[in-house]
Amino acid sequence: MTTRPSGLILIATALGVGSISAQPAPIRGFPTDALAARAPLERAVRDRPDPARIKSYLRAMTAFPHVTGTPGSRKVAEWALARFREWGLEASIESYEAMLPMPIAQRLEIAGAKPWRARLREEVFAEDPDSRQPGIMPPYAVYGADGDVSAPIVYANYALPIDFAELERIGIDVRGKLVLARAGPHSREVKVKGATRAGAVGLIMYNDPKEDGFWIGRPYPRGPMRPPHAVERGGVRDDSKYTGDPLSPGWAAKAGSKRLPLAEAAGLPTIPVMSISYADASRLFDALEGPVVPSDAWKGALGLTYHVGPSREPVRMMVRSEWKNRPLYNVIARIPGATRPDEWVLAGNHHDAWVYGADDPVGAAATVMEAARVLSELRQTGWRPDRTLVFALWDGEEQGLLGSTEWVEDHAEALSEKAVIYLNGDNYRRGLLTASGSSLLETFTREVFRDTPDPATGKSALDVRPDRPFGLTPIGANTDYGAFIQHLGITSLHLAYRNVGRGTYHSAFDSYTYFLRFLDPDLSYGKSQAGAFAASLLRLADAPVLPWSFADAARAYRGWVAELPAGTDLGPLVAQTDALAAAAAEYEQSLARVMGLGSDALARHGEALRRINRAIYQSERTLLFPEGLPGRPWFKYPISGPSSYNGSVARTLPVLREALELKDLGLAREQAALTAAAFKRLTDRVTAIGAELDAIR
């Protein structure tokens, strides 16, 4: 909390900083008289990330396949551990286990007059040496059921509920059939649930070139889009009940710990599931008969007529996996806080990949590591973070947020008391800086964007998006922030540069060569992203008053309530968001007065600010439903999150929204009342914090 001006002068000298602007831009959480002295720190953490170092981390962690549960995953974790220790951080590997099936055998074939068998493996390209490496696990859909079925096949577009309804309308019976579906932008688990409910005996997914193949641009290796035999691997379990190890919901999965019987695990598919290439899918389309698809929206870009089927000849689909517990290796590193060591600012990224994972996740993991290195070097100039910084590289994200969830469950008590925020990465590529997270952080994040240089233009990341007003995307449970926010209510934020131009997602061609050719050739976006991470952590570690904005949250909540479908009286809920907005406005006045007292005055009120900050960072916990959401008690955060029928991508007020959409008015009334009560708890907290601020003179 204290500014330690003599130390900052030392830092400015050590960093070679000359004159400092007389009027630096405001930074939420800091008094105006602290900004000039912090300017050299801010510049250092943005200037010091080194593209050459990021490139070296990228090469080291993509040098071999490293799927969760394999020796490659442990090797990556141990390499990262050595780097953290080399930089002087306290670091260790924390190990867990998870039930994780691995493929033993897969077959997809058609018998008859023109027998055919799917290739089910990817190409080898001379232009990409990694495509020739041994040890590439064949493409598979993890957690799909074992099975060996022969049945006619039906095309179901994206296998969404509206698609099965359309098939029923035109008289196509899916019961007892295999379903062929496009992967597209929709969650895999939604497709599995849809096919299962429709009575299908198996699901086959493929990436149509209209989404990420030759329809968009040249296929790899000539261009960045998906080549004919590249397959999108992925998890297919339903994570709307809980994330992490499917056999230990709510407790940490360690060697010898309690496990559910496999038959009692929630969300595991009951039908076999397979992911294939569009080259293999073309042969299945050739076998389809029946009517042409009902609309152009069902047509992809393959050079054939899209029929819905069924096929005249049966298709055989066989999937067999080895189901066993496998190890997870989380790397945890710390920079201890100087004055508030029991307040933890956490940042993480997963390190596991489906094969090499240069884009997903290693590029972003490398930027988180570089942020840690920069901040560790800053300590050598005299700076110490007020709060403890915790860095994590998670294992098992791809299969269901395994490593992060088990760690959160293991440390739930300490995290509930000490965790200030969780800042997440996942993957990045050149494009626009984007963010999703808790609405309390909108102003904080906007300021990070304002101060982050766009590598292409030199303007700020905020100024390069004039046609896209800044706003935080609501947060769900589709990456490692899931357990933090959805289970414990820890305020969370996700930062990443993004665009839409990648075609090797979850394939063997998400490689070092691909990344440097198409995603960030000079690592300039990696440097900028590492700087944004480091600057965010710097501010969060040292802010005398944490930069949460209750006014931002009230505005977002009010908008989400207004978007809800009609069906029940939402007046009390609207009134409570208005009460929250009023309390937030009063809080802003109290905060402005206290910040105007200046750094020296704040330093004299250290104990009071400690209580205030604790109340601020635990404020989002007041929104939790202690008994959990209906039918899925592991999820306790009702504000945004996964729908029980629409996958892991975030929906705002998901249970209330879903009840209204499904016209379950009893549940809707109950959830509206519970949500209003949650908003009142937050309002009361904001009022109490404002009163504590008013006591500071």
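Keep in mind that this is a model prediction, so the values were computed, not measured.

### Regarding helix H9 (residues 358–379)
Here H9 contains 22 residues, and its C-alpha end-to-end distance of 30 Å stays within 8% of the 32 Å for a straight helix at 1.5 Å per residue. Counting buried residues in H9 gives 21 out of 22 residues, a clear majority hidden from the surface.

### A short note on the side chain of Thr-367
With respect to the secondary-structure elements, Thr-367 resides in helix H9. For Thr-367, a relative accessible area of 0% translates into the label buried. Excluding residues that lie within four positions of it along the chain, Thr-367 makes contacts with Tyr-428, Gly-526, Gln-529 and Ala-530.

### Concerning the layout of surface pockets
One number sums up the size of the largest pocket: a volume of about 1,600 Å³. Asn-478, Arg-498, Arg-502, Tyr-505 and Val-649 are the residues nearest the centre of the largest pocket, which is lined by 47 residues in total. When contributions to the lining of the largest pocket are tallied by element, the ones reaching two or more residues are helix H6 (188–197), helix H7 (209–212), strand S16 (432–437), strand S17 (492–498) and strand S19 (650–652). Of all the elements, S16 adds the most residues to the lining of the largest pocket, at 4 residues. The residue makeup of the lining of the largest pocket, split by class, is 12 nonpolar, 19 polar and 16 charged.

### Topic: the sheet that holds strand S2 (residues 102–110)
In sheet architecture, strand pairing relies on hydrogen bonds along the backbone and comes in two forms, parallel and antiparallel. Spatial strand order, S3-S2-S11-S5: 4 strands in an open sheet with antiparallel pairing. A strand with exactly one partner marks an edge of an open sheet, and here the two such strands are strand S3 (116–117) and strand S5 (147–151). Its contacts with the sheet place helix H8 (residues 278–287) against S2, S3 and strand S11 (315–322), and it is angled at close to 35° to S2.

### Some points on the pattern of salt bridges
Here the structure, examined in full by the defined rule, presents 43 salt bridges. The partner of Arg-237 in a salt bridge is Asp-239, with the nearest N and O atoms 2.8 Å apart. In terms of burial, Arg-237 and Asp-239 fall into one category: buried. Note that Glu-442 and Arg-446 form a salt bridge whose closest N and O atoms lie 3.4 Å from each other. Pair noted here: Glu-442 and Arg-446 are both in helix H12 (residues 442–450), with a separation of 4 residues, about one helical turn. Taking the relative accessible area as the measure of exposure, Glu-442 reaches 15% and is therefore buried. A network of salt bridges, in which partner residues are shared, links Glu-42, Arg-450, Asp-451 and Arg-539.

### Focus on the packing of helix H16 (residues 550–562) against helix H17 (residues 571–595)
Viewed as axis vectors pointing N to C, H16 and H17 meet at an angle of 165°, and their least axial separation amounts to 8 Å. By the angle between their directions, the pair H16 and H17 is classed as roughly antiparallel. For the pair H16 and H17, the crossing hand works out as left-handed. Contacts from Phe-550, Ala-551, Ala-554, Tyr-557, Arg-558 and Val-561 in H16 reach Leu-573, Val-574, Thr-577, Asp-578, Leu-580, Ala-581, Ala-584 and Tyr-587 in H17. Of the residues that constitute the contact of H16 with H17, the class distribution is 11 nonpolar, 1 polar and 2 charged.

### Remarks on unusual backbone geometry
Of the consecutive residues Tyr-220 and Pro-221, the connecting peptide bond is found in the cis state with omega at 10°. As for its position among the elements, Pro-221 is in the loop between H7 and strand S9 (234–235). Of the consecutive residues Asp-360 and Pro-361, the connecting peptide bond is found in the cis state with omega at 20°. Within the element layout of this structure, Pro-361 appears in helix H9.

### Some points on the confidence of the model for the chain
For the chain, per-residue confidence averages 94 on the pLDDT scale, and residues scoring 70 or more make up 96% of the total. Confidence over residues 1–14 falls short of pLDDT 50; this stretch has 28 contacts with residues more than four positions distant or in other chains. Throughout residues 16–21 the model reports pLDDT below 50, and contacts reaching past four residues in sequence, or to other chains, amount to 9 contacts.

### Comments concerning H16
The first and last C-alpha atoms of H16 sit 18 Å apart over 13 residues, in line with the 18 Å expected at 1.5 Å per residue. Those residues of H16 that fall on the buried side of the exposure criterion are Phe-550, Asp-552, Ala-553, Ala-554, Ala-556, Tyr-557, Trp-560 and Val-561. Buried residues in H16 make contact with H12, H17, S19, helix H20 (654–661) and helix H21 (665–694).

### Remarks on the sheet that holds S16
Here we have 7 strands laid out as an open sheet, ordered S1-S12-S14-S13-S15-S17-S16, and mixed in their pairing. Sheet topology places strand S1 (90–99) and S16 at the edges, where each strand pairs with a single neighbour. Each strand of the sheet is rotated relative to its neighbour by a mean of 20°, with strand direction disregarded. In this structure, strand S15 (residues 419–424) lies alongside S17, joined through 3 bridges in parallel fashion. If you follow Tyr-422 over to S17, its bridge partner there is Ser-492. Against the sheet, helix H10 (residues 402–410) makes contact with S1, strand S12 (325–335), strand S13 (340–350) and strand S14 (387–394), and its axis sits at roughly 65° relative to S12, the strand it touches most.

Procedures and definitions
Residues numbered from 1 in each chain as written. Predicted model: local features only at pLDDT ≥ 70, side-chain atom pairs only at ≥ 80, totals over all residues. Heavy atoms only, no water. Helix = DSSP H or I, 4+ residues; strand = E, 2+ residues; numbered from the N terminus. Expected span 1.5 Å × (residues − 1). Buried < 20%, exposed > 50% of the residue type's maximum accessible area, 1.4 Å probe, protein only. Contact = heavy atoms within 4.5 Å. 1 Å grid on protein atoms, 1.4 Å probe; cavity = no way out; pocket = protein on both sides within 12 Å on 5 of 7 lines; lining within 4 Å. Points joined across faces, edges and corners; volume = space filled by probe spheres on them. Nonpolar A, V, L, I, M, F, W, Y, C, P; charged D, E, K, R; others polar. Pairing = 2+ DSSP bridges. Axes fitted to C-alpha atoms, helices over the stretch in contact; angles between N-to-C directions. Salt bridge = Lys/Arg side-chain N within 4 Å of Asp/Glu carboxyl O. Parallel < 35°, antiparallel > 145°, perpendicular 65-115°, else oblique. Left-handed = near helix turned anticlockwise from the far one by under 90°. pLDDT = per-residue confidence, 0-100.

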